[in-house]
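Summary of structural features
The primary structure of each chain is shown beneath.
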Amino acid sequence: QIRRMAWWHEAKFGMFIHFGLYSQHARHEWAMEQEAIPIQEYMPLAQEFKPTPGAARAWARLAKAAGMKYMVLTTKHHEGFCNFDSKLTDYCATKQGPKHDIVREYVDAARAEGLHVGFYYSLMDWHHPDGAKCATDEAARKRFVAYTHGLIREILTNYGKIDVLWYDVSWPLDAKGWESEKMNKMVFELQPDIIVNNRNHLQGDFSTPEQKIVAETNGRAWESCMTLNDSWGYQRADDDWKSAKTIVRNLITCARDGGNYLLNIGPRPDGSIPEETVRVLTEVGAWMETNGDT
Ligand code: JFZ
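Structural notes, computed from the coordinates. (Residues numbered from 1 in each chain as written. Predicted model: local features only at pLDDT ≥ 70, side-chain atom pairs only at ≥ 80, totals over all residues. Heavy atoms only, no water.)

Within strand 2 (residues 70-76), seven of the seven residues are buried, leaving the element largely enclosed by the surrounding structure. Note: strand 1 (residues 13-17) against strand 2, four bridges, orientation parallel. Of the residues in strand 2, the one forming a bridge with Ile17 is Leu73. As paired elements, strand 2 and strand 3 (residues 116-122) share six bridges and run parallel to each other. (Buried < 20%, exposed > 50% of the residue type's maximum accessible area, 1.4 Å probe, protein only. Helix = DSSP H or I, 4+ residues; strand = E, 2+ residues; numbered from the N terminus. Pairing = 2+ DSSP bridges.)

In structure tokens form, the structure reads like this:
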């Protein structure tokens, strides 16, 4: 076992947070794609996005209360909007509606609760003009890969020690196209103790079965990620909440088989947490209080 990962294996239970412009649609974090919303129509959402400053404190408090030991926030989902301050794009929290750095607040909030800090980062990008073209146009690929590596450099430089980097959706490039080896090399230069997942076409440190619990073989680390209802982003119409009993059973199954459980919440556009989410996670926390290991 890798020393770097000791805390993570011990942690077992984390909170995933999907938060972005799509939270305002309250339908699906894929709405832009699924409903074929033109970019010019989608972009104004960035101006209208005004989460309450400090909203992340409640996320972190709830994670702590639920017995979770780490958090992973979408710094940028497929829509391309950056929840952090960037010098490489204006499509970011500090220069648009929020007028404050959501990632900074999140990092501070997690640390205040003693939780480890993870960043989700979507490689696929529907906003960047080269995000799709990059597969067939070498000049576009070069620009887009420079942008991508640049954003990753920013999030791993500006927020102190980061514990997990959670890449997602690598469409439309392969490892060679993304320059994934170089990407991970940079990541470990900036954050020597970080743990990375396997969604940039490399093995990384752990596998990421999704919405199911499947143990890895040969001692490879794994983390099952799941939603609390059926959606990742806030979905107003989705009331298919898992019970605390189901969550606890899933956590036990992951722990028994040597894996981690990353459970997702989708805050409302103002950053507040749906009541049902609070209710279920608080109940999970009560069980953890009695039966957890700390
Ligand atoms: C992706 C995203 O598209 C989705 O919005 C969410 O962020 C989720 C955590 O990740 O969806 C995926 C990614 C990978 C697989 C399936 C869905 N996969 O490897 O089976």
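With that out of the way, let us pick up the packing of helix 8 (residues 138-155) against helix 10 (residues 180-190). In the contact formed by helix 8 and helix 10, the axes pass within 10 Å of each other and the chain directions differ by 15°. With respect to each other, helix 8 and helix 10 are oriented roughly parallel. Crossing of helix 8 over helix 10 shows right-handed handedness. For the pair formed by helix 8 and helix 10, the contact residues are Thr148, His149, Ile152 and Arg153 on the first element and Lys182, Met183, Met186, Val187 and Leu190 on the second. Here the residues of the contact of helix 8 with helix 10 are counted per class, giving five nonpolar, two polar and two charged. (Axes fitted to C-alpha atoms, helices over the stretch in contact; angles between N-to-C directions. Parallel < 35°, antiparallel > 145°, perpendicular 65-115°, else oblique. Left-handed = near helix turned anticlockwise from the far one by under 90°. Contact = heavy atoms within 4.5 Å. Nonpolar A, V, L, I, M, F, W, Y, C, P; charged D, E, K, R; others polar.)

Lining the immediate surroundings of the ligand are Phe16, His18, Glu29, Trp30, His77, His78, Tyr120, Asp168, Val169, Arg199, Glu210 and Trp232. Within the side chain of Glu29, an N or O atom sits 2.6 Å from an oxygen atom of the ligand. At 2.8 Å from an oxygen atom of the ligand is found a side-chain nitrogen or oxygen belonging to Trp30. Alone, the ligand offers 450 Å² of accessible surface; in the complex the protein occludes 69% of this. Here the shell around the ligand is composed, by residue class, of five nonpolar, three polar and four charged. (Near = heavy atom within 4 Å. Polar contact = N/O pair within 3.5 Å; in protein donor to acceptor, adjacent residues only side chain to side chain. Areas by Shrake-Rupley, 256 points an atom, 1.4 Å probe, with all protein chains shown as cover.)

Further remarks concern the side chain of Gln191. For Gln191, the position within the fold is in the loop between helix 10 and strand 5 (195-196). Here the side chain of Gln191 touches Ile162 through a polar contact of 3.0 Å, landing on its backbone nitrogen. Discounting residues that sit within four places of it in the chain, Gln191 has contacts with Leu156, Gly160, Lys161 and Ile162.

All right, on to the packing of aromatic side chains then. Using the criterion set out here, one finds 16 aromatic pairs in the structure. Taken together, a centroid distance of 5.3 Å and an interplanar angle of 55° make the contact between Phe19 and Phe49 tilted. On the criterion of sequence distance, the pair formed by Phe19 in the loop between strand 1 and helix 2 (22-25) and Phe49 in the loop between helix 5 (45-48) and helix 6 (56-65) is long-range, its members being 30 residues apart. Exposure class is identical for Phe19 and Phe49. Each is buried. Aromatic side chains Phe81 and Tyr91 sit 5.4 Å apart centroid to centroid with 85° between the ring planes, which places their arrangement in the edge-to-face category. Of this pair, Phe81 sits in the loop between strand 2 and helix 7 (102-112) while Tyr91 sits in the loop between strand 2 and helix 7, and the two are 10 residues apart along the sequence. Neither Phe81 nor Tyr91 differs from the other in exposure class; each is buried. Ring pairs connect the aromatic residues Phe19, Phe49, Trp59, Phe81 and Tyr91, which therefore count as one cluster. (Phe/Tyr/Trp six-rings, centres within 6.5 Å; stacked < 30°, edge-to-face > 60°.)

Looking now at helix 6. For an α-helix the count is 3.6 residues per turn, leaving residues at separations of three or four pointing the same way. Buried within helix 6 we find Ala56, Trp59, Ala60, Leu62 and Ala63. One side of helix 6 holds all its buried residues, which, seen down the axis, span an arc of 160°. Tucked inside the fold, the buried residues of helix 6 contact strand 1, strand 2, helix 7 and helix 12 (275-291). Looking one or two residues past helix 6, Gly67 carries a phi angle of roughly 90°, positive in sign. (Arc of directions from axis to C-beta.)

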